[in-house]
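Given next are the chains, with one letter for each unit.
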Amino acid sequence: MTLVSMGDVRTVHESPAGGGPVDPRSTARGRLAPVASVSAGTALIGLHASFYGHWLIDDAAITFAYARSVTDGLGPVVQPGAAPVEGFSNPTWLLLLAVGRLVGLFDHGTLFGVPDYVLFPKALALLCCAGILALCHVAARRVLTRAWLVPLAVGGLLAATPSFVIWSYSGLENSLYALLITALAVLLFTAVLDGRLLSPRVALGAGGLAALAALTRPEGLIYAGAYPFVLLGHLSRPTLVASVRYALISTAAFGALVGAYFGWRLIEFGQLLSSPSVAKGQDLPTLTDMTRPGELVAYVGAPAALLLMAVVGYTLATAPWWRGGLLALLVPLGLAVAAYAVLEPDWMEQFRFATPIWVLGALATTLATAQVLRRASTRMRAWLAAALTITLLPSSAAFAESAEDFHDQPNISACYVADRFGRVFNGYADILGLDDASLLLPDLGGSAMTSDLTLVDMAGLTHSRFAELAKEHDKAAQREYVYTEARPTFIHVREPWSGGTGISYDPRLPEDYYPIHFDLYQDKPHGDWVRKDAVATPELLAEVRDYADHTTTWVEQRAGVTPLRDCGPTLRRGQTTPSEPPPERPGADDDRAGDNYQEASERHQGPGDARVPE
């Protein structure tokens, strides 16, 4: 499809030469074209997603672990025996995963040769993308006779955007979140065009969709304002009373669903916010935060972003009959941009919080471009097509480079964590003969699916005490809690968590713990430590160090070689074999391993090396 080919796209209020209004549904092509367009657009997105293999972000596996616990009858706990903590912030996504597990499609084994913990969430993402494009067609058919072109165009734009594809197929809730917000936007768009804005069905639907968005991501709360804002744009003296009434109905629908969940949260966990929300300590936005959407403009490319915004602006200025619908569509888009601006910056690459912006932006610019091309002369169409090509080509090249970079070095995967902090530490505990061990670490996703140890989450996502300490930025209290109260059997430390807490520079670490393995890339003191009173004999210490020298080193080395792999057919507690087993080797030199670690430990215990940040 070319941009010029969209120039003959008419609005449904306009007749082609020599005939009356055309209803595309009256022909076989009209019936099949939307299905083919949605399917093709979804296939383009799925094709790009396949570029990232079986990669899943580690945070996604936290929700996987909760889905397992809930369906096993353990309640909302991250692992058996753990205290109930709301370590997830996506209950609707958790519900879908739990249903999948109950019907045997998730966390049971393989499907079509692919681990179901990979296939099921990615299949859900594919279905959500298909739903998004189907909704785009629902909006387009209200204003265009060749509406089938819109899902294909939007699908192409989304497929070209690494940020959208990466996070929609990361195992997280992004695709569902985008689907719900698109449904809300299209509901408002069509309601305005049909004159149904002041109706109970629209008010309840808008409030319900906003509530589901809020239960999919915390910032989804902002969409409670979408319907009232659209009403405000259509407010007049005769409709004032009705507008207030329906705004209250929508707010009540939103409040009923969200309030019910918040009430359950308060009863179950004793707090109004989830543990991740507490740990991240969302502050009030500043004026500087309002500039953060500029990051997205730079990501898309300033020339392309400015041209597309100009096209939308021109469409609004020329006042087509569906201008009110376009304005309604821009309200959720504006709220999505506002939510992105006020959220605390995310450490993950590729703008994880921008997913709904890409969808609504693609839909709005596609509809606006079709409108401009329809009104333009042949010469102006050619000029616009040339301008779009010139500005979009550099953006496409930048997107391709961005996709390659993420393909080569993705953010930390659930499978690496399952191997490195789940299976490896299970091996440590087996060698040392520990049946009731605990582990302090910052990565809880894959490890919660495989670890037999009691996990202490220093990030605070699944640990209420650490969440409170992280919120207060009290490093001293965090160190005190670790070394005097929690006293974990094992400690894993690495940057940026070492500098963030000071745990690895506390003199009690070398005093109370033996080093097992130092991180290949960060070196001492970063790595794995075991509490001294958990090691029965020097021989066992030498054996566990030798195991680490072979197995842990192998896992760390392979992290950069095969970062897109899965974690094996299943993820089960107590597993000790990494998804890529290390090669066999001749007998290990236990004495050499023990001597090397003893020397390193003595160096680390030196008084001059005991650096404890304030």
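Rules of the game
Residues numbered from 1 in each chain as written. Predicted model: local features only at pLDDT ≥ 70, side-chain atom pairs only at ≥ 80, totals over all residues. Heavy atoms only, no water. Helix = DSSP H or I, 4+ residues; strand = E, 2+ residues; numbered from the N terminus. Contact = heavy atoms within 4.5 Å. Buried < 20%, exposed > 50% of the residue type's maximum accessible area, 1.4 Å probe, protein only. Disulfide = S-S within 2.5 Å. pLDDT = per-residue confidence, 0-100. Patch = residues over 30% accessible without salt bridge, like charges linked within 9 Å, V, L, I, M, F, W, Y side chains within 5 Å. Areas by Shrake-Rupley, 256 points an atom, 1.4 Å probe, with all protein chains shown as cover. Salt bridge = Lys/Arg side-chain N within 4 Å of Asp/Glu carboxyl O. Phe/Tyr/Trp six-rings, centres within 6.5 Å; stacked < 30°, edge-to-face > 60°. Core = buried A, V, L, I, M, F, W, Y, C linked by side-chain atoms within 4.5 Å. Pairing = 2+ DSSP bridges. Axes fitted to C-alpha atoms, helices over the stretch in contact; angles between N-to-C directions. Polar contact = N/O pair within 3.5 Å; in protein donor to acceptor, adjacent residues only side chain to side chain. 1 Å grid on protein atoms, 1.4 Å probe; cavity = no way out; pocket = protein on both sides within 12 Å on 5 of 7 lines; lining within 4 Å. Points joined across faces, edges and corners; volume = space filled by probe spheres on them. Nonpolar A, V, L, I, M, F, W, Y, C, P; charged D, E, K, R; others polar. Lys, Arg positive; Asp, Glu negative; His and termini not counted. Charge placed at Lys NZ, Arg CZ, Asp CG, Glu CD.

Our next topic: the environment of tryptophan 554. The residue tryptophan 554 is located in helix H23 (residues 538-559) in this model. In this structure, the C-alpha to C-alpha distance between tryptophan 554 and proline 583, residues 29 residues apart in sequence, is 8.6 Å. Those residues within four positions of tryptophan 554 in sequence are excluded, and the remaining contacts are Glu580, Pro581, Pro582 and Pro583.

Here helix H20 (residues 475-486) has its buried residues at Gln478, Arg479, Tyr481, Val482 and Tyr483. Taken from the residues just after H20, arginine 487 is the one with a positive phi, measuring 40°.

Turning next to the state of the cysteines. Throughout this description, disulfide means a covalent bond between two cysteine sulfur atoms. Considering all chains together, one arrives at one disulfide under this definition. Left without a disulfide partner, cysteine 128 is nearest to the cysteine sulfur of cysteine 129, which lies 7.1 Å away. Of the residues examined, cysteine 129 reaches a relative accessible area of 1% and is grouped as buried.

When pLDDT is averaged along the chain, the result is 89, and 90% of the positions lie at 70 or above. Confidence drops under a pLDDT of 50 for residues 14-22, and excluding neighbours within four residues, the segment shows eight contacts in the predicted structure.

A few words now on a nonpolar patch on the surface. There is a patch of nonpolar side chains on the surface, built from Phe229, Leu232, Leu235, Leu240, Val241, Val244 and Leu248 and spanning about 680 Å² of accessible area. Looking at the nonpolar patch, the elements that each hand over two or more residues are helix H9 (226-233) and helix H10 (240-269). Here the element with the most residues in the nonpolar patch is H10; it accounts for four residues.

How two aromatic rings sit relative to each other is set out by the distance from centre to centre and by the angle between their planes. Taken as a whole and judged by the stated rule, the model has 23 aromatic pairs. An angle of 65° between the planes, with centres 6.4 Å apart, marks the rings of phenylalanine 189 and tryptophan 322 as edge-to-face. One end of the pair, phenylalanine 189, is in helix H7 (residues 174-194); the other, tryptophan 322, is in the loop between helix H13 (302-317) and helix H14 (323-342), and 133 residues separate them in sequence. On the basis of relative accessibility, which here comes to 0%, the residue phenylalanine 189 falls in the buried class. Both rings, one in tyrosine 428 and one in tyrosine 547, keep their centres 5.9 Å apart while their planes meet at 80°; by these two values the pair is edge-to-face.

As a further point, take the nonpolar core. Of all hydrophobic cores here, the largest spans 161 residues; its most connected members are Leu367 and Phe490. Here the element with the most residues in this core is H7; it accounts for 15 residues. Setting aside its immediate chain neighbours within four residues, leucine 367 contacts Ala140, Val143, Leu144, Val150, Phe189, Trp322 and Leu329. Leu440, Phe466, Val482 and Tyr483 belong to the second-largest nonpolar core, a separate cluster that totals 15 residues.

A few words on the sheet that holds strand E6 (residues 513-518). Working definition: the strands of a sheet are paired by backbone hydrogen bonds and lie parallel or antiparallel to each other. One open sheet accounts for five strands, arranged E4-E3-E5-E7-E6; its pairing is mixed. Two strands bound the open sheet, and with one partner strand each, they are strand E4 (454-457) and E6. Across this sheet, the average inter-strand angle for adjacent strands is 20°, counted without regard to direction. Two elements, strand E3 (residues 438-441) and E4, share four bridges in a ladder whose sense is parallel. Within E4, the position partnered with leucine 441 by the bridge is aspartate 457. The sheet contacts of H23 involve E6 and strand E7 (527-531), and relative to E6 the element is tilted by about 35°.

What follows deals with the side chain of serine 170. Here serine 170 is to be found in the loop between helix H6 (162-168) and H7. A polar contact is formed between the side chain of serine 170 and the backbone oxygen of tryptophan 167, at a distance of 2.9 Å.

The tally for this structure, following the rule as stated, stands at two cavities of 30 Å³ or more. Lining the largest cavity we find Tyr177, Glu219, Tyr223, Ala336, Ala339, Tyr340, Leu343, Phe353 and Pro356. Each pocket or cavity is described by its volume, and for the second largest cavity that value is around 30 Å³. In terms of lining residues, the second largest cavity is bounded by Asn174, Tyr177, Arg217, Glu219, Arg352, Phe353, Thr355 and Pro356. Within the lining of the second largest cavity, the residues separate by chemical class into three nonpolar, two polar and three charged.

The next thing to look at is a negative patch on the surface. Together, Glu401, Glu404, Asp405 and Asp408 give the surface a local cluster of negative charge. Assignment of secondary structure puts glutamate 404 in helix H16 (residues 378-408).

Before going further, it helps to examine the side chain of arginine 292. As for its placement among the helices and strands, arginine 292 is situated in the loop between helix H11 (275-280) and helix H12 (293-300). For arginine 292, the residues in contact, after removing those within four places along its chain, are Tyr340, Ala341, Leu343 and Pro345.

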